[in-house]
Amino acid sequence: MDLTQRSATELADQLASLDVSAREVVDAHLDRIAALDGVVPDGEVWSAKAPDDLDERDVHAYLHVTAAAAREHAEEIDRRRVAGDELGPLAGVPLALKDVLTMQGAPTTCGSRILEGWVPPYDATVTERLRAADVVVLGKTNMDEFAMGSSTENSAYGPTRNPWDLGRVPGGSSGGSAAAVAGLLAPLAIGTDTGGSIRQPAALTGIVGAKPTYGTVSRYGLVAFASSLDQAGPFARTVEDAARLQTLVQGHDPRDATSVPRDVPDLLARLRDGVGGLRVGTVTELQGEGYEPGVEETFRRALERLERLGAEIVEVSLPHAGYGLPAYYLIAPSEASSNLARFDGVRYGLRVDAPTSEEMNAATRAAGFGPEVKRRVMIGTHALSSGYYDAYYLQASRVRTLIARDFEAAFEQADVLVSPTSPTVAFGLGTKTADPIAMYLNDVATVPASLAGIPALSLPAGTAAAPEAPGTSLPVGLQVMAPLLRDDLMYRVAWAFEQDLAFTPLPAGDAAVEVA
Amino acid sequence: VALSSDEVRHVAMLARLALTDDEIATLAPQLSEILAYAEQVGEVAAEDVPPTTHPFALRNVTRPDERRPSLPAAAVLAGAPAVEEDRFAVPRIVAEEA
């Protein structure tokens, strides 16, 4: 079996027993990236081809590949291993990092022209912890500009394609990270999730992606979109790999004032305990109208599977879930309009010259931001402006309380809640870009957990055909939501389901992702 | 409520975005539609419901008042579009007197 097909846990075991070196593992992934991803494999940092030069066979998961640094890091780990040094549990395993987290030595663009070429002078806490754990970063992944989007089509550097079907989107905003893991261009990746930006791309690419409890993974060095919702988390091809990666990056950080100063749960201790005796709640409001028949059918079979595994299925209601999306599309743009004020042509990135500072600010932002970012900055600026704040941001924050209360009540009747992750399977490139609200509806099932701050993950539940293409077989995600700080329970349910389903997270039948 | 082109222009000024007339014309109906959708939040949550911004309601987060090294100025200035005398350089802020 090719090294790129192995899980992070398998690679870590092989590395620990000296069956393979970290350098060999990194090289296998770099070779595959060079062959399939649409990068120019020259120099210390490989760049993605310019958008106009990308062709329809390029996955385009990476914006920058830190090839030289990754090889050097791998060799250092190999030397330390031979010398008998104590190494981290995933030492030498490669990882793809979403381009919204800072890392020295390579650009951080957030998928935006306004940050083109900016090289950050410091590492994010997540980056620092990965380095301390001897995980090798392969590069920075493509994303919707400033994480605003559900398809990765809002990247200024061209869209990422779904390894299952290169004519379809990988979801977003962490579509590059998801496509890297699904396309065997990395066994692990870090994404960020504000309203579903890890879970929805995980669902659409047939992998595991988790949004941890808000506040348990530091936001220091994560370029802010909506500060009260942004949370970094893992992508992997197995539940155990995702739990192990989250374990490495979680924990209190005094450099993030919203970081939760409490112990986070051990995610691995009871991972294999099964679902026997657990109450699994289905949510009345997160099914029905708007969900594709193939998604609903796959979800129904997932419930039967959980029941067969010994879970008790109960139905619960989140009466205010329907208000989640309207609240989200006030809160997130409001916070974004404030956070993105820092991109003013003064401290980093692009500047468009003009006679006065104010004109320079406005010209720079007009040239540097894409249409979706402008749209959200405008919504947020309006929602926070004098006379509107109470009716919009404050009212949306009250709805957020109602949704959090709904979850508290639901978790008295059920230990975890499940739903489809996304109402649709992966859709065709360009099919939803003209209608902003149609695109926003992708987040309908993921936003409630974001507003409540609770942990939620997506794992493969099976495949279904796209409604417009009956012969297709595309991944469907199952979302598992757990109470605050019960990320362990979420992983435990997911692990039991995964073992029973035996889903093969390898896209088949397409030359771009065929195994060499 | 539909936003007029003038209202969209006012918001663009507040947001420091030099939008073109075409962009204004595209955004006016889009923003109106999105805000009409978002206004559903007014249907629930009376004033006695407190707002939530963090699931753990942290208050007064402080750290010890200790001196710590900061980033070297040269590293920070290296990413700036214009620098003069170890400072960020910007165009004129105050208009010349007539």
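Residues numbered from 1 in each chain as written. Chains lettered and ligands numbered in written order. Predicted model: local features only at pLDDT ≥ 70, side-chain atom pairs only at ≥ 80, totals over all residues. Heavy atoms only, no water.

### Some remarks on the interface of chain B and chain A
Each partner contributes residues to the interface: chain B has 51 residues there, and chain A has 66 residues. Buried area between chain B and chain A, summed over both chains or domains, comes out near 5100 Å², and the portion from carbon and sulfur atoms is 71%. Looking only at chain B, the three residues that lose the most surface to chain A are Y37(B), V41(B) and F56(B), adding up to 14% of its buried area. Taken together, chain B and chain A are joined by 2 salt bridges. Residue assignment for the side of chain B that touches chain A shows that the elements contributing at least two residues are α1 (5-14), α2 (21-38) and α3 (73-77) of chain B. A total of 9 residues in the side of chain B that touches chain A trace back to one element, the largest contributor, which is α2(B). Of the residues contributing to the side of chain B that touches chain A, the split by class is 37 nonpolar, 7 polar and 7 charged. (Contact = heavy atoms within 4.5 Å. Buried area = accessible area lost by both parts, 1.4 Å probe. Salt bridge = Lys/Arg side-chain N within 4 Å of Asp/Glu carboxyl O. Helix = DSSP H or I, 4+ residues; strand = E, 2+ residues; numbered from the N terminus. Nonpolar A, V, L, I, M, F, W, Y, C, P; charged D, E, K, R; others polar.)

### Concerning a nonpolar patch on the surface
Residues and elements named next belong to chain B. A surface patch of nonpolar side chains, amounting to about 210 Å² of accessible area, comprises L71, V76 and F88. As for its position among the elements, F88 is in strand β2 (residues 87-88). What makes F88 partly exposed here is its relative accessible area of 33%. (Patch = residues over 30% accessible without salt bridge, like charges linked within 9 Å, V, L, I, M, F, W, Y side chains within 5 Å. Areas by Shrake-Rupley, 256 points an atom, 1.4 Å probe, with all protein chains shown as cover. Buried < 20%, exposed > 50% of the residue type's maximum accessible area, 1.4 Å probe, protein only.)

### Quick notes on the pattern of salt bridges
Residue and element names in this part refer to chain A. With the rule as written, the count across this model stands at 33 salt bridges over all chains. D27 is paired through a salt bridge with R71; the nearest N and O atoms lie 3.0 Å apart. Residue D27 is located in helix α2 (residues 22-36), and its partner R71 is located in helix α3 (residues 67-82); the two are separated by 44 residues in the primary sequence. Residue classification places R71 among the partly exposed residues on the basis of a relative accessible area of 25%. The partner of D415 in a salt bridge is R279, with the nearest N and O atoms 3.4 Å apart. Placement of D415 in the loop between α12 (390-413) and β11 (416-420) and of R279 in strand β9 (residues 279-283) is noted, with a sequence separation of 136 residues between them. For R279, a relative accessible area of 26% gives the class partly exposed.

### Describing α12(A)
The end-to-end C-alpha separation of α12(A) is 34 Å, in line with the 34 Å expected for 24 residues at 1.5 Å each. A large share of α12(A) lies buried, amounting to 17 of its 24 residues. (Expected span 1.5 Å × (residues − 1).)

### A word on empty space enclosed by the protein
All names here are of chain A. Under the defined criterion, the tally for this structure stands at 3 cavities of 30 Å³ or more. If you add up the space inside the largest cavity, you get close to 50 Å³. In terms of lining, the largest cavity is formed by 13 residues, of which the most central are A147, G149, S197, Y328 and D443. Split into classes, the residues belonging to the lining of the largest cavity amount to 5 nonpolar, 6 polar and 2 charged. (1 Å grid on protein atoms, 1.4 Å probe; cavity = no way out; pocket = protein on both sides within 12 Å on 5 of 7 lines; lining within 4 Å. Points joined across faces, edges and corners; volume = space filled by probe spheres on them.)

### Observations concerning unusual backbone geometry
All names here are of chain A. With an omega of 10°, the peptide bond between G172 and S173 qualifies as cis. Checked against the element boundaries, S173 lands in the loop between β5 (136-141) and α5 (175-182). Of note, the phi angle at L485 is positive, near 65°, even though the residue is not glycine. Residue classification places L485 among the buried residues on the basis of a relative accessible area of 14%.

### Examining the environment of S227(A)
All names here are of chain A. Residue position: S227 is located in the loop between β7 (208-211) and β8 (231-236). Residues S227 and A383, spaced 156 residues apart in sequence, show a C-alpha to C-alpha distance of 16 Å. Apart from residues lying up to four places away in sequence, S227 is in contact with Y214, R219, E335 and N339.

### Some points on the packing of helix α11 (residues 371-384) of chain A against α1(B)
Running from amino to carboxyl end, α11(A) crosses α1(B) at an angle of 95°, the nearest separation of the two axes being 9 Å. Compared by their axis directions, α11(A) and α1(B) come out roughly perpendicular. Residue-level contacts link M378(A), T381(A) and H382(A) of α11(A) to V8(B), V11(B), A12(B) and L14(B) of α1(B). In terms of residue class, the contact of α11(A) with α1(B) is made up of 5 nonpolar, 2 polar and no charged. (Axes fitted to C-alpha atoms, helices over the stretch in contact; angles between N-to-C directions. Parallel < 35°, antiparallel > 145°, perpendicular 65-115°, else oblique.)

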